[in-house]
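# Results of the structural survey
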Amino acid sequence: MSSAAAVDVEERRIFAMGGGGFTMEPNNPLLDDFVLGLSPVKEPHVLFLPTASGDTTAQINAFRSRFHDRTCVPEHVSLFRLQDTKRPLAEIVLEADIIYVGGGSMRNLLAIWQAHGLDRLLVEAWEAGTVLAGLSAGAMCWFQGGVTRSSGPPEPISGLGLLEGSLTVHADGWALDDGVGLLFAGRRLERVVSSRPGAGAQRVDAIAGELVRHRLEPELLEGQSHGALGGIDEAVEELRRVQRLRRGMAGGRG
Amino acid sequence: MRPRTPQIVALGGGGFSMEKEGSLLDEYVLSLTDASRPRVCFLPTASGDADHYVVRFYRRFSPSCDASHLSLFRRDQGTGGVEDDFATHLLAQDLIYVGGGNVVSMLGAWRAHGLDAILRKAWRKGVILCGPSAGSLCWFEEALSAFHGAPRSVKGLGLLPYSNCVHYDAEPARREEYHRFVGDGMRPGFAAEDGVALHFRHTRLAAAVSSRPDGRAFRVKPARDGVVETPLHVDYLGADLEVPVPSSQSADTAACARNDIASESIGQEPVAA
């Protein structure tokens, strides 16, 4: 497949949320509607990548219930259940107008993307003007670096490097409350928006060994708060029951 | 502790995740451990750590084993998986059971967590490694994956210096494609049908066993014109059972069990490799 034509850097859009959107705000669609509005296409193709969660049914269902009755064409790709995906990955990724990445483990996300060559395709999509959006691991991944807790204690990890700095509470980066998103035009921060009154963001710079913090005042998004609940995966509940049973059987072996 | 032989049991498909009577293959694997209550750790990575799959593992193994699982995705949800030191936990097992799903995603996640090196070390120490489908392909140098689109060659962990093809009977195209790949330079290897397990000691095939009377496995090598496919002797594990199961019924049951998995969202069809 030939590469899509690149657009001017200023026309490349990334929307990075600390925590928000359909997986975390089932009753508040403001950030997701904002994401839809970032594409110039009237009925955009929205591709959801739930990779960082291990493609949980809960995330996929929450995506569907949020977007199925909006003006868009929602689709998701599971890299664990690729037999359900009939078209080549490159075709799906490069046809999307918006690519929305869910939260979870950043380490797993990047490793699995790399194994399937999706990291390269996403860079290509960004260069072609596809809107990239995501929360948590799905937001950190666009920056030079982030932190992952996937191996227990938080540790730094490299991202795709489309944006400078990191989305963490550490130096040289941004710290976001839940409900706040940063919109980048190219590598330049263009807007800071929020779905919740009172939520804030900080820019942290290391200057001469000191951490200098600047508070950013987000624009509060307006609209009607409604929307469907995401639904809790009952398998998790069942799993916990089995675990309790197992602990019981293990006796004092602990 | 006396030194233990490195062993791998590679299932073409079957075991607790696929067969209602999967206990025959699982019992065979457990019997290799020499432990009265074996320590068994489940790696559901290839399914994205699907909860249903983990639940079924505990249902099958916790009554007779010290069962645990290791999740690379859900570390914060208190689901009781191994949290801390992967290496120490895995090296202390009698058996590591790898679930089915997408082998490419699994190997990518394993490498990011250093599990590839840990599993190699565990194997050398004599921790038995086993699994169906992706849980078979991963141990070989090369594997034929037909999980998505055109079949492709995937580089596995390389503990076994062969190629591998699973679900050999599930779709006729699998066999043709495997022959084509081996004919075109993929290394020689082994193909197993659903319900058949290839048991390796060190890197040599020690036995082929089946939970079905008609289960088959083959050695496939390149030849002057294409390939040579040699059937392996396969021991039917149910031969001592009082009432033999007719093969057609057995196959139906397996298909049935596979559909169960499909409806239980561990990945619609984790049996596909």
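Residue numbers run consecutively from 1 along every chain, following the written order of its sequence. Chains carry letters from A onward and ligands carry numbers from 1 onward, assigned in written order. It should be noted that, the model being predicted, local features are given only for residues of pLDDT at least 70 and side-chain atom pairs only at 80 or more, the latter also being counted only at that level, while totals for whole chains, interfaces and linings use all residues. Neither water nor hydrogens contribute to the side-chain values; these are computed over all heavy atoms in the structure.

### What to know about the overall build of chain A
Formally: Strands are runs of DSSP state E lasting at least two residues, helices are runs of H or I lasting at least four, and both sets are numbered from the N terminus onward. Computed with a 1.4 Å probe, the accessible areas rest on the Shrake-Rupley method; for each residue, only the protein chains presented here act as cover.
Looking only at helices and strands, chain A has 7 helices and 14 strands in total. For chain A, the computed accessible surface area is about 11200 Å², with 50% contributed by carbon and sulfur atoms.

### Some thoughts on unusual backbone geometry
All names here are of chain A. Condition: Summary of the burial criterion: residues with accessible area below 20% of their type's maximum are buried, those above 50% are exposed, and those between are partly exposed, where the area comes from a 1.4 Å probe applied to protein chains only.
If you check the backbone angles, Asp55 has positive phi at about 60° while not being a glycine. At Ala208, a residue that is not glycine, the phi angle is positive and equals roughly 50°. Position of Ala208 relative to the elements: it lies in the loop between β12 (201-207) and β13 (210-216). Look at Ala208 and you get exposed, because its relative accessible area is 78%.

### Digging into helix α1 (residues 30-37) of chain A
For α1(A), a buried count of 6 out of 8 residues is recorded, marking the element as mostly surrounded by other parts of the structure. Residues of α1(A) that are buried include every one of A:Leu30, A:Leu31, A:Asp32, A:Phe34, A:Val35 and A:Leu36, and no others.

### Quick look at the sheet that holds strand β8 (residues 160-165) of chain B
Residue and element names in this part refer to chain B. Note the threshold: Two strands make a pair as long as DSSP finds a minimum of two bridges between them. Interaxial angles span 0 to 180 degrees and are taken between N-to-C directions of axes, which are lines fitted to C-alpha atoms, for helices over the stretch in contact.
Read across the open sheet, the 6 strands follow the order β7-β6-β8-β9-β12-β13; overall the sheet is mixed. Where the open sheet ends on each side, the last strands, each with one partner, are β7 (152-155) and β13 (227-231). Taken over all neighbouring pairs, the strand axes of this sheet differ in orientation by 25° on average, direction set aside. As defined by bridge partners, strand β6 (residues 140-145) adjoins β7 across 4 bridges and the pair is classed as antiparallel.

### Focus: the environment of A:Arg12
All names here are of chain A. Heads up, the rule is: Contact definition: two residues touch when any of their heavy atoms are within 4.5 Å. A 3.5 Å cut-off defines polar contacts: any pair of N or O atoms within that distance qualifies, except that in protein one atom must be a possible hydrogen donor and the other a possible acceptor, and neighbouring residues in sequence count only when both atoms are side-chain atoms.
Its place among the elements puts Arg12 in the segment before β1 (13-17). Distance from Arg12 to Leu132, taken between C-alpha atoms, is 8.6 Å for residues 120 residues apart in sequence. When near neighbours in sequence (up to four residues on either side) are disregarded, Arg12 contacts Ala6, Val7, Trp126, Glu127, Phe184, Ala185 and Gly186. Side-chain polar atoms of Arg12 contact the backbone oxygen of Val7, separated by 3.0 Å.

### A look at the pattern of salt bridges
Residues and elements named next belong to chain A. Condition: Take a side-chain nitrogen of Lys or Arg and a carboxyl oxygen of Asp or Glu: if they are within 4 Å of each other, that pair is a salt bridge.
As enumerated under the stated definition, the model contains 21 salt bridges over all chains in all. As a salt-bridge pair, Glu10 and Arg188 come within 2.7 Å of each other at their nearest N and O atoms. Of this pair, Glu10 sits in the segment before β1 while Arg188 sits in strand β11 (residues 188-194), placing them 178 residues apart in sequence. A relative accessible area of 35% means that Glu10 is categorised as partly exposed. The exposure class assigned to Arg188 is partly exposed, which follows from its relative accessible area of 40%.

### Details of the confidence of the model for chain B
Segments scoring low in pLDDT should not have their predicted coordinates read at a detailed level. Residue and element names in this part refer to chain B. The condition is simple: The predictor attaches a confidence to each residue, called pLDDT, with possible values from 0 through 100.
Predicted confidence across chain B gives a mean pLDDT of 85, with 81% of residues reaching 70 or more. Considering only residues more than four positions removed or in separate chains, one finds that residues 246-273, a stretch of pLDDT under 50, has 62 contacts. In the predicted complex, the global pTM is 0.84; the interface-specific ipTM is 0.81.

### As for the sheet that holds strand β2 (residues 45-49) of chain A
Residue and element names in this part refer to chain A. If you trace the 8 strands from one edge of the open sheet to the other, you get β3-β2-β4-β5-β1-β10-β11-β14, paired in mixed fashion. If you trace the sheet from one side to the other, it starts and ends with β3 (73-76) and β14 (219-220), each paired once. Sitting on the sheet, helix α2 (residues 57-67) touches β2, β3 and β4 (98-101), and the angle it makes with β3 is about 175°.

### As for the state of the cysteines
Residues and elements named next belong to chain B. Which entries qualify depends on this criterion: Disulfides are defined as cysteine sulfur pairs within 2.5 Å.
Under the definition given, this model contains 0 disulfides over all chains. Cysteine Cys138 is unpaired, with the sulfur of Cys130 as its nearest cysteine sulfur at 9.9 Å. Cys138 gets classed as buried once you look at its relative accessible area, which sits at 0%.

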